[in-house]
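Structural overview for review
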Amino acid sequence: MRKLILLLLFPAISIAQDFNSALNMHNTIRGYYNLKPLVLNDTLTNIAYKRAKVTADINKVVFTNDKLGESVFYTDYITISRDYFLEATISWILEQEDQTTFKQLLCEECESVGFGVALSDDKIWVIAKYDKLYKK
């Protein structure tokens, strides 16, 4: 029953989300480091949506091996009024372990980004795809 309710609400959740809040947060942080701002890219957004769907289907974090940068976020706290793209971006900024997602956000060569979202049985998954992978 919970899955049915979530599936009915999900279109409203995804429509209510605004990529601009996440993009603005990316660019605010990038500006602090004197990096050029990113722009939204439709192709990367389509790739991010497909990746989010695959990730939601398997319901676990698995990164791709392509030449694009990628950041993954999920939460099991699902409501209509949350901005999941902004929440994901903030979590990538605050990541404490190896800071891979923060380094990706600060990739000097990156020029564009796309965001995707998908719903699994019990989680919202957000994926960001960047036009370049940061250099380690």
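Cut-offs applied
- Residues numbered from 1 in each chain as written.
- Predicted model: local features only at pLDDT ≥ 70, side-chain atom pairs only at ≥ 80, totals over all residues.
- Heavy atoms only, no water.
- pLDDT = per-residue confidence, 0-100.
- Helix = DSSP H or I, 4+ residues; strand = E, 2+ residues; numbered from the N terminus.
- Contact = heavy atoms within 4.5 Å.
- Phe/Tyr/Trp six-rings, centres within 6.5 Å; stacked < 30°, edge-to-face > 60°.
- Salt bridge = Lys/Arg side-chain N within 4 Å of Asp/Glu carboxyl O.
- Buried < 20%, exposed > 50% of the residue type's maximum accessible area, 1.4 Å probe, protein only.
- Pairing = 2+ DSSP bridges.
- Axes fitted to C-alpha atoms, helices over the stretch in contact; angles between N-to-C directions.
- Core = buried A, V, L, I, M, F, W, Y, C linked by side-chain atoms within 4.5 Å.

Some points on the confidence of the model for the protein
In the predicted model, the protein carries a mean pLDDT of 83, and the fraction of residues at 70 or more is 82%. Between the elements of the protein, mean pLDDT differs from a low of 45, seen in helix H1 (residues 2-16), to a high of 95, seen in strand E1 (residues 39-40). Segment residues 1-10 is flagged for pLDDT under 50; beyond a separation of four residues in sequence, or across chains, it makes 13 contacts in the model. Segment residues 12-16 is flagged for pLDDT under 50; beyond a separation of four residues in sequence, or across chains, it makes six contacts in the model.

What about the packing of aromatic side chains?
By convention here, two paired aromatic rings are described through the distance between centres and the angle between planes. Scanning the model with the defined rule gives seven aromatic pairs in all. Among the aromatic side chains, those forming a connected cluster through ring pairs are Phe 19, Tyr 49, Phe 85 and Phe 115.

What about the pattern of salt bridges?
Enumeration over the complete set of coordinates arrives at seven salt bridges. The salt bridge partner of Glu 70 is Arg 51, with a shortest N-O separation of 3.1 Å. Residue Glu 70 is located in strand E2 (residues 69-75), and its partner Arg 51 is located in helix H3 (residues 42-58); the two are separated by 19 residues in the primary sequence. Across the pair, Arg 51 and Glu 70 agree in class, each one buried. The partner of Asp 66 in a salt bridge is Lys 129, with the nearest N and O atoms 3.0 Å apart. Of this pair, Asp 66 sits in the loop between H3 and E2 while Lys 129 sits in strand E4 (residues 124-130), and the two are 63 residues apart along the sequence.

As for the pairing of E4
Burial of E4 is extensive: seven of the seven residues sit out of reach of the surface. Both faces of E4 are covered, namely the face carrying Ile 124, Val 126, Ala 128 and Tyr 130 and the face carrying Trp 125, Ile 127 and Lys 129. Taken together, the seven bridges between E2 and E4 define a ladder with antiparallel strand orientation. Residue pairing across strands places Ser 71 opposite Ala 128, the latter belonging to E4. Between strand E3 (residues 112-119) and E4, which pair antiparallel in sequence order, lie four residues.

What about the side chain of Thr 101?
Relative to the helices and strands, Thr 101 is located in helix H5 (residues 100-105). We classify Thr 101 as buried; its relative accessible area is 6%. Residues contacting Thr 101, with those up to four places away along its chain left out, are Ser 71, Trp 92 and Glu 95.

Here we look at the sheet that holds E3
Read from one edge of the open sheet, four strands run E1-E3-E4-E2, paired in mixed fashion. Looking at the sheet topology across the chains shown, the edges are occupied by E1 and E2. Pairing between E3 and E4: seven bridges, direction antiparallel. Bridge pairing in E4 places Leu 119 opposite Ile 124. Helix H2 (residues 19-32) contacts E1, E3 and E4 of the sheet and is inclined by roughly 135° relative to E3. Contacts between helix H4 (residues 84-94) and the sheet are confined to E2, E3 and E4, with E2 contributing the most and set at about 110° to the helix.

Things to note about the nonpolar core
Core analysis: the biggest nonpolar cluster contains 26 residues, and Phe 85, Trp 92, Val 113, Phe 115, Val 126 and Tyr 130 have the highest contact counts within it. Counting residues per element, the ones that place at least two in this core are H2, H4, H5, E3 and E4. Tallying contributions element by element places H4 first for this core, with five residues. If sequence neighbours within four positions are ignored, Trp 92 has contacts with His 26, Ser 71, Val 72, Phe 73, Thr 101, Phe 102, Phe 115, Val 126, Ile 127, Ala 128 and Tyr 130.

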